[in-house]
Each structure stands twice: as C-alpha cells, then as structure tokens.
Amino acid sequence: MSVVLLLNGPNLGILGQREPEIYGTETLDDIANAVAEEMSVRGWEVVSIQHDGEGELVGAIHKHRDTTVGAIVNPGALMIAGWSLRDALASYSPPWVEVHLSNVWAREQFRHDSVIALLASGVVVGLGAFGYRLAAKALLHLSAETP
Ligand code: DQA
C-alpha cells in the first residue's frame, strides 16, 4: 500500500476559522479528505499531520521518510526561515510538492521567500484548498513518470 504524507505547519490546524477571507472556509479535515479522494484513484492512502512546532514537523518527516512515496507540504510561515524543516526535507527523497493556499507573492514582502521551495518538485500557490488537489494530482503524475 502506497502512502502519501500530507504535512501542514503552524496555524493551519485552524483552517476554516483562520482569516477565511484569505485562507478560505475549508477545514484541514476537508482538505485531507480531498487529497485522500485524489489518491484513492490509485489506491494510495494519506497520512495527514499538522503541527504548530517546527521540531514536531521535522520528527514527522523522519518518521515517515521511508514509508511514504511522496509528500504535500504547506510549511505556513516556516517557509520564511524554517531551516530545520528545510534540512529535514532535504533528507526526504520521494517527490514532494509545496502548497500555499494564498498567493504569497501578492501579499507582504516577508512572504515572498521560501527556504524550502528550492528542494520541492513543484510549488502550488494561491489556488486555495484546490491547490492541495493539484499537488495530489502532481504526485500521481510524477510517480507515473518514475520507472
Ligand atoms: C500560507 C502562507 C504563509 O505565508 C502563512 O504564514 C501561512 C499560510 C498559505 O497557505 O497561504 O500560514 O502557507
């Protein structure tokens, strides 16, 4: 059974209530269900993990490093300076996609840099919860390309 890691960082556990005008009204459970639906096309499963702390996110990557075939990662504000998260992802060899619900490029300057983007297979930005579905489709596509 192939398993995909859905990893969400700080403040993403309160999606639905958090600034819905920016992040939408869908909850993290809604998003996890949507990703699971996409993955079920190939019989893949999803393990959904959210932490507010960087250390816990690093631990989750280590724990699932050898047992997952890919990952979808929304680092939240850790995109800006989450160097430990970045290093953990550097040690994660399956393909993974960075997702941001909001269009970070259209927001404050401090959101314009991501320390993890350089390592990602791709980045989906500004398409709300639908971006996670696109990331799921991208992982399926990338794995179909892998011999
Ligand atoms: C976010 C964008 C980040 O700048 C912000 O800190 C978040 C959410 C997004 O999904 O749009 O927490 O990653």
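Please refer to the structure higher up on the page.
Residues numbered from 1 in each chain as written. Predicted model: local features only at pLDDT ≥ 70, side-chain atom pairs only at ≥ 80, totals over all residues. Heavy atoms only, no water.

**Q** I'd like a description of the site of the ligand, backed by residues and values.
**A** Neighbouring the ligand are the residues Arg18, Tyr23, Asn74, Gly76, Ala77, Met79, His100, Leu101, Ser102, Val104 and Arg111. At 2.9 Å from an oxygen atom of the ligand is found a side-chain nitrogen or oxygen belonging to arginine 111. For the ligand, the protein covers 98% of the area, taking 320 Å² as the surface of the free molecule. Most atoms of the ligand, that is more than half of them, are within 2 Å of grid points of the largest pocket. Looking at the shell around the ligand, its residues break down into five nonpolar, four polar and two charged. (Near = heavy atom within 4 Å. Polar contact = N/O pair within 3.5 Å; in protein donor to acceptor, adjacent residues only side chain to side chain. Areas by Shrake-Rupley, 256 points an atom, 1.4 Å probe, with all protein chains shown as cover. 1 Å grid on protein atoms, 1.4 Å probe; cavity = no way out; pocket = protein on both sides within 12 Å on 5 of 7 lines; lining within 4 Å. Sits in = over half its atoms within 2 Å of the grid points. Nonpolar A, V, L, I, M, F, W, Y, C, P; charged D, E, K, R; others polar.)

**Q** Can you lay out the environment of methionine 1 for me, pointing to particular residues and giving the numbers?
**A** Along the chain, methionine 1 turns up in the segment before strand 1 (3-8). With a relative accessible area of 70%, methionine 1 lands in the exposed category. In sequence terms methionine 1 and glycine 43 are 42 residues apart; their C-alpha atoms lie 7.4 Å from each other. Leaving out residues up to four positions away in the same chain, methionine 1 has contacts with Gly43, Trp44 and Glu45. (Helix = DSSP H or I, 4+ residues; strand = E, 2+ residues; numbered from the N terminus. Buried < 20%, exposed > 50% of the residue type's maximum accessible area, 1.4 Å probe, protein only. Contact = heavy atoms within 4.5 Å.)

**Q** Outline the sheet that holds strand 3 (residues 70-74), supporting the account with residue identities and numerical values.
**A** Across the sheet, which stays open at both edges, the five strands sit in the order 2-1-3-4-5 with parallel pairing between neighbours. Strands at the two margins of the open sheet, each flanked by one partner only, are strand 2 (45-50) and strand 5 (122-125). Taking the axes of each pair of neighbouring strands and ignoring which way they run, one obtains an average angle of 20° across the sheet. For strand 1 and strand 2, the ladder comprises six bridges, and the chain directions are parallel. In the sheet register, asparagine 8 faces strand 2, and the bridge partner there is glutamine 50. (Pairing = 2+ DSSP bridges. Axes fitted to C-alpha atoms, helices over the stretch in contact; angles between N-to-C directions.)

**Q** Tell me about the pattern of salt bridges, residues and numbers included.
**A** A side chain with one charge can pair with a side chain of the opposite charge if their charged atoms come near. Enumeration according to the criterion identifies six salt bridges in this entry. Note that glutamate 38 is salt-bridged to arginine 133, the shortest N-O span being 2.6 Å. Note that glutamate 38 is positioned in helix 2 (residues 28-40) and arginine 133 in helix 6 (residues 130-145), a separation of 95 residues in sequence. The buried category is assigned to glutamate 38, whose relative accessible area is 9%. (Salt bridge = Lys/Arg side-chain N within 4 Å of Asp/Glu carboxyl O.)

Everything listed here is a matter of geometry and, on its own, says nothing about what the molecule does.
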